[in-house]
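Remarks on the overall topology
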Amino acid sequence: FFSNELYQPLKGKQFLITAGPTQEKIDPVRYITNHSSGKMGYQIAEAAAGLGAEVTLISGPTQLATPKGVTRINVDSAQDMYEAVMEHFASTDVVVKTAAVADYRPKVVHAEKMKKKPGDAVIELERTTDILATLGELKKHQTLVGFAAETEKVEEYAKGKLERKNLDLIVANNITEAGAGFKGDTNKVTIYKKNGETIELPIMTKRDVAEQLLAEIINYEQGNSR
Ligand code: CTP
Ligand code: CA
């Protein structure tokens, strides 16, 4: 009689999930972006909603449909994503930042299409705000979950980000490994927790990674019962 749909361990929890790439405008026809498909974040959003959470999904441009039961807010740039996240942070219990946020944006956004000129073209860049690091400074009751896509020294870099951004969990993947990374439907991740615990997961679908991660978040919150 009790189907899975009645298993709602996240009932009453507010989740804020960011997903996809950002786009940083150069001029009206060009922008800087990355290979993020958004699939990992959308799977987490759908799985969290299925477990009873109230989910707000702040999404960069993707080709994906909005998951069932999820409130979606579309953004383009890192700055837009930052502002949308800040608006929702106070009322959030768990933040999962799967988005591949641009680290740099053009210093000047040209109002007109840039024209070719003799000589080298240079686009001057400036840093975007680190959204997750800002949340790490502001955090009170919230559980913060980051993602780290690396091509080398995965453990060292991921643990560095966990520490530096004041996170509770970080999900690391080596995007050069088969079955991991941006575009596909599978991923191979290791979860590092603030309490020193490490969970190395085998290659599995992004849906299964989402469910494993949510189980670890539930676990972590119970253990920390803050
Ligand atoms: N992140 C963010 N805002 C940024 C950059 C990154 O919120 N401006 C978040 C990402 O969403 C992710 C985590 O920080 O959850 C790690 O992102 P990553 O790009 O791996 O780390 P960086 O700190 O940007 O370091 P680097 O790119 O130099 O490895
Ligand atoms: Ca980065």
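Residues numbered from 1 in each chain as written. Chains lettered and ligands numbered in written order. Predicted model: local features only at pLDDT ≥ 70, side-chain atom pairs only at ≥ 80, totals over all residues. Heavy atoms only, no water.

**A look at the pairing of strand S10 (residues 169-174)**
The buried count for S10 comes to 6 of 6 residues, which makes it a mostly enclosed element. Because side chains alternate across S10, one face comprises the buried residues Leu 169, Val 171 and Asn 173, and the other comprises Ile 170, Ala 172 and Asn 174, equally buried. Of the crossover connections in this fold, the one passing from strand S9 (residues 143-150) over helix H4 (residues 154-164) to the parallel S10 is right-handed. Examined bridge by bridge, S10 and strand S12 (residues 190-193) share 4 bridges and lie antiparallel to one another. The residue bridging Val 171 from the neighbouring strand is Ile 191, located in S12. (Buried < 20%, exposed > 50% of the residue type's maximum accessible area, 1.4 Å probe, protein only. Helix = DSSP H or I, 4+ residues; strand = E, 2+ residues; numbered from the N terminus. Right-handed = clockwise from strand over helix to strand, strands pointing away. Pairing = 2+ DSSP bridges.)

**Structural notes on the side chain of Thr 134**
Structurally, Thr 134 can be placed in helix H3 (residues 131-138). Look at Thr 134 and you get buried, because its relative accessible area is 17%. For Thr 134, the residues in contact, after removing those within four places along its chain, are Tyr 82, Met 86 and Thr 129. (Contact = heavy atoms within 4.5 Å.)

**Observations regarding the pairing of strand S2 (residues 24-27)**
As defined by bridge partners, S2 adjoins strand S3 (residues 30-32) across 3 bridges and the pair is classed as antiparallel. What sits directly across from Glu 24, in S3, is Ile 32. Linking S2 back to S3 in an antiparallel pair, the connection comprises 2 residues.

**Here's the deal with the coordination of the calcium ion (ligand 2)**
In the first shell of the calcium ion (ligand 2), the protein supplies Asp 103 (OD) and Asp 103 (OD), at 2.4 to 2.6 Å from the metal. Relative to the assigned elements, Asp 103 resides in the loop between strand S6 (94-97) and strand S7 (104-106). (Donors = N, O, S within 2.8 Å, 3.2 Å for Na, K, Ca; no water.)

**What about a nonpolar patch on the surface?**
Together, Tyr 104, Ile 123 and Leu 125 make up a nonpolar patch on the protein surface, roughly 280 Å² of accessible area in all. Counting through the fold element by element, Tyr 104 comes out in strand S7. (Patch = residues over 30% accessible without salt bridge, like charges linked within 9 Å, V, L, I, M, F, W, Y side chains within 5 Å. Areas by Shrake-Rupley, 256 points an atom, 1.4 Å probe, with all protein chains shown as cover. Salt bridge = Lys/Arg side-chain N within 4 Å of Asp/Glu carboxyl O.)

**Concerning the environment of Val 94**
In this fold, Val 94 is placed in strand S6. A relative accessible area of 0% means that Val 94 is categorised as buried. C-alpha of Val 94 to C-alpha of Ala 149: the two residues are 55 residues apart in sequence and 20 Å apart in space. Apart from residues no more than four positions distant in its own chain, Val 94 is found in contact with Gln 14, Phe 15, Leu 16, Thr 143, Ile 217 and Glu 221.

**Overview of a negative patch on the surface**
Residues Asp 76, Asp 80, Glu 83 and Glu 87 make up a contiguous surface patch of negative charge. Inspection of the secondary structure puts Glu 83 in helix H2 (residues 78-89). Judged by relative accessible area, Glu 83 falls into the partly exposed class, the value being 43%. (Lys, Arg positive; Asp, Glu negative; His and termini not counted. Charge placed at Lys NZ, Arg CZ, Asp CG, Glu CD.)

**A closer look at the sheet that holds S9**
Spatial strand order, S5-S4-S1-S6-S9-S10-S12-S13: 8 strands in an open sheet with mixed pairing. Edge positions in the open sheet fall to strand S5 (70-74) and strand S13 (198-200), since each of these has one partner strand only. Neighbour-to-neighbour, the strand axes of this sheet turn through a mean angle of 15 degrees, independent of strand direction. Here 5 bridges tie strand S4 (residues 54-59) to S5, and the two strands are oriented parallel to one another. Among the inter-strand pairings, Thr 56 is bridged to a residue of S5, identified as Thr 71. Packing against the sheet, helix H1 (residues 39-50) makes contact with strand S1 (14-19), S4, S5, S6 and S9, and its axis sits at approximately 165 degrees to S4. Across the sheet, H2 lies against S1, S4, S5, S6 and S9, angled at about 175 degrees from S1, the strand it touches most. (Axes fitted to C-alpha atoms, helices over the stretch in contact; angles between N-to-C directions.)

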